[in-house]
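Residues per chain, in single letters:
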Amino acid sequence: METASPGPSGSRGATRLRLRAATAIGFGVLLVLFAARLDDTAQRKTFTMDEPHYVGTGLYLWESGDYHFARSLRYHPPLAFHLAALPLLALDLEGVPVGPGIGGRLIHGDDPPPERVRHLSRLPFVALACWGAVLVFAWARELAGHAAGLLAAFVYTFSPQILAHGSLVHSDVTVTVLYLQTLYAFWRWQRRPGALRFALCGVSLGLALLAKLSALLLLPSLALMQLAVVLRSSH
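Conventions we followed
- Residues numbered from 1 in each chain as written.
- Predicted model: local features only at pLDDT ≥ 70, side-chain atom pairs only at ≥ 80, totals over all residues.
- Heavy atoms only, no water.
- Helix = DSSP H or I, 4+ residues; strand = E, 2+ residues; numbered from the N terminus.
- Rg over C-alpha atoms; globule rule 2.2 N^0.38 Å.
- Buried < 20%, exposed > 50% of the residue type's maximum accessible area, 1.4 Å probe, protein only.
- Contact = heavy atoms within 4.5 Å.
- Lys, Arg positive; Asp, Glu negative; His and termini not counted.
- Charge placed at Lys NZ, Arg CZ, Asp CG, Glu CD.
- Patch = residues over 30% accessible without salt bridge, like charges linked within 9 Å, V, L, I, M, F, W, Y side chains within 5 Å.
- Areas by Shrake-Rupley, 256 points an atom, 1.4 Å probe, with all protein chains shown as cover.
- Salt bridge = Lys/Arg side-chain N within 4 Å of Asp/Glu carboxyl O.
- Polar contact = N/O pair within 3.5 Å; in protein donor to acceptor, adjacent residues only side chain to side chain.
- Axes fitted to C-alpha atoms, helices over the stretch in contact; angles between N-to-C directions.
- Parallel < 35°, antiparallel > 145°, perpendicular 65-115°, else oblique.
- Left-handed = near helix turned anticlockwise from the far one by under 90°.
- Nonpolar A, V, L, I, M, F, W, Y, C, P; charged D, E, K, R; others polar.
- Expected span 1.5 Å × (residues − 1).
- Bend = angle between axes of the 7 residues up to and from the residue.

Mind showing me how you'd approach the overall build of the protein chain here?
Helix and strand counts for the protein chain stand at 10 helices and 0 strands. Counted from the first residue to the last, the protein chain has its helices and strands arranged as α-α-α-α-α-α-α-α-α-α. Over its C-alpha atoms the protein chain spans a radius of gyration of 22 Å, topping by over 25% the 18 Å that the globule rule assigns to 235 residues. Across its three principal axes, the protein chain shows a C-alpha extent of roughly 80 × 50 × 30 Å. Evaluated residue by residue, the protein chain yields a buried proportion of 41% over its 235 residues. A fraction of 75% describes how many contacts in the protein chain between residues 6 or more apart in sequence connect residues 24 or more apart. Looking at charge distribution, the protein chain has the averaged site of its 20 positive side-chain charges lying 16 Å from that of its 14 negative ones.

Hey, could you run me through a positive patch on the surface in this one?
Taken together, the side chains of Arg12, Arg16, Arg20 and Arg141 define a basic patch exposed on the protein surface. In terms of residue count, helix α1 (residues 8-44) provides more of the positive patch than any other element does, 3 residues in total.

What exactly am I supposed to notice about the pattern of salt bridges here?
Per the counting criterion, the structure on display carries 6 salt bridges. One salt bridge connects arginine 44 with aspartate 40, and the closest N-O pair in it is separated by 2.9 Å. Taken together, the residues span about one helical turn, with arginine 44 and aspartate 40 both in helix α1 at a distance of 4 residues. Classification of arginine 44 as exposed rests on a relative accessible area of 54%. Judged by relative accessible area, which is 34%, aspartate 40 ranks as partly exposed. Linking lysine 212 and aspartate 172 is a salt bridge whose minimum nitrogen-to-oxygen distance equals 2.6 Å. Here the residue lysine 212 occupies a position in the loop between α9 (195-211) and α10 (218-234), and aspartate 172 occupies one in helix α8 (residues 171-191), the gap between them amounting to 40 residues. Each of Glu142, Arg188 and Arg191 takes part in a single network of salt bridges with overlapping partners.

Teacher, can you tell me more about the side chain of arginine 118 here?
Inspection of the secondary structure assignment puts arginine 118 in helix α5 (residues 114-144). It is glutamate 115 that comes nearest to the buried, bridge-free arginine 118 among opposite-charge side chains, at 5.4 Å. Polar contacts involving the side chain of arginine 118 include one to the main-chain carbonyl oxygen of glutamine 43, which spans 2.8 Å. Setting aside its immediate chain neighbours within four residues, arginine 118 contacts Ala42, Gln43, Arg44, Lys45, Thr46 and Phe47.

How do you make sense of a nonpolar patch on the surface when you look at a structure like this?
Where nonpolar side chains cluster on the molecular surface, the patch consists of Phe69, Tyr75, Leu209, Leu213, Leu216 and Leu219 and spans about 570 Å² of accessible area. Relative to the elements of secondary structure, tyrosine 75 occurs in the loop between α2 (51-64) and α3 (79-85). For tyrosine 75, a relative accessible area of 53% translates into the label exposed.

Help me understand the packing of α5 against helix α6 (residues 146-157) in this model?
The description of two helices packed together rests on the angle between their axes and the distance between the axes. Between α5 and α6, whose axes approach to 7 Å, the crossing angle comes to 150°. On the basis of their axis angle, the class for α5 and α6 is roughly antiparallel. Where α5 crosses over α6, the handedness of that crossing is right-handed. Facing α5, whose interface residues are Ala129, Gly132, Ala133, Val136, Phe137, Ala140, Arg141 and Ala144, α6 presents His146, Ala148, Gly149, Leu150, Ala152, Ala153, Tyr156 and Thr157. Class assignment for the residues of the contact of α5 with α6 results in 11 nonpolar, 4 polar and 1 charged.

Would you take a moment to explain α2 for this structure?
Every α-helical turn comprises 3.6 residues, leaving residues that sit three or four positions apart pointing alike. The end-to-end C-alpha distance of α2, which contains 14 residues, comes to 20 Å, matching closely the 20 Å that a straight helix rising 1.5 Å per residue would cover. Of all 14 residues in α2, 10 are buried, a share of seventy percent or more. Three or more residues of α2 are buried, namely Glu51, Pro52, Tyr54, Val55, Gly56, Thr57, Gly58, Leu59, Tyr60 and Leu61. For α2, the secondary structure elements touched by its buried residues are α3, α4 (102-107), α5 and α8. Directly after α2, the chain includes glycine 65, whose backbone phi takes a positive value near 70°.

I would appreciate a short explanation of α5 in the present structure.
For α5, which comprises 31 residues, the first-to-last C-alpha distance of 45 Å matches the rise-based estimate of 45 Å (1.5 Å per residue) to within 8%. At leucine 123, α5 is bent by approximately 35°, the largest bend along its length, and proline proline 124 sits one to four residues beyond. After α5 finishes, the residue glycine 145 shows a positive phi value of roughly 105°.

Structure representation (structure tokens):
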């Protein structure tokens with residue numbers, strides 16, 4: 001009894017499945033390597049000049065709720081401060097007076113170990129940098145196909161700038177990733193408008209503005225993206 005051979009449509013479907021699987025595996029390898037490199041840097045490298053300030057201010061904000069823009073925040077939005085201190089909330093800091101200068105006291109103390117403080121405070125930013133890789137991959141793949149997604153992810157995860165700043169307790173990687181997320185969310189809303197997608201744009205924009213004041217540049221960026229759509233539709 002003869003068995004029917006798969007038709008052209010079945011063969012194409014199998015090829016697409018293999019392509020998707022290969023792309024997913026390739027991106028997974030890139031992401032794991034990227035995360036491992038950032039985590040290694042987070043554990044081994046000492047704090048830069050600004051990082052203790054982010055840690056101390058974050059702990060102070062969680063404890064006091066004092067959001068005075070000049071006195072407490074030093075004219076910076078609070079999101080990066082909160083992220084820096086979030087993993088440290090589980091530590092026993094009873095013997096350390098909580099104030100904006102607590103970061104300096106923690107890195108010069110011995111309980112909790114400064115190495116643990118440094119590693120834990122950097123983990124949220126490592127996670128954000130990895131989320132940036134996911135966004136880059138997803139946007140490029142949606143725009144130009146699987147190969148483009150892998151290429152974009154490769155460029156991002158091997159970028160010296162991202163590798164240098166992706167594990168630091170700072171607002172730079174925070175605003176970079178949230179800026180990208182907002183543009184991507186807005187682009188997806190433009191392609192298929194809907195209430196949920198529009199709400200996600202608003203949430204992303206709000207988070208970016210909470211990360212750094214330079215995210216205000218998103219407002220003209222989004223306006224230009226929408227203007228481009230309007231001009232294209234008018235022609």
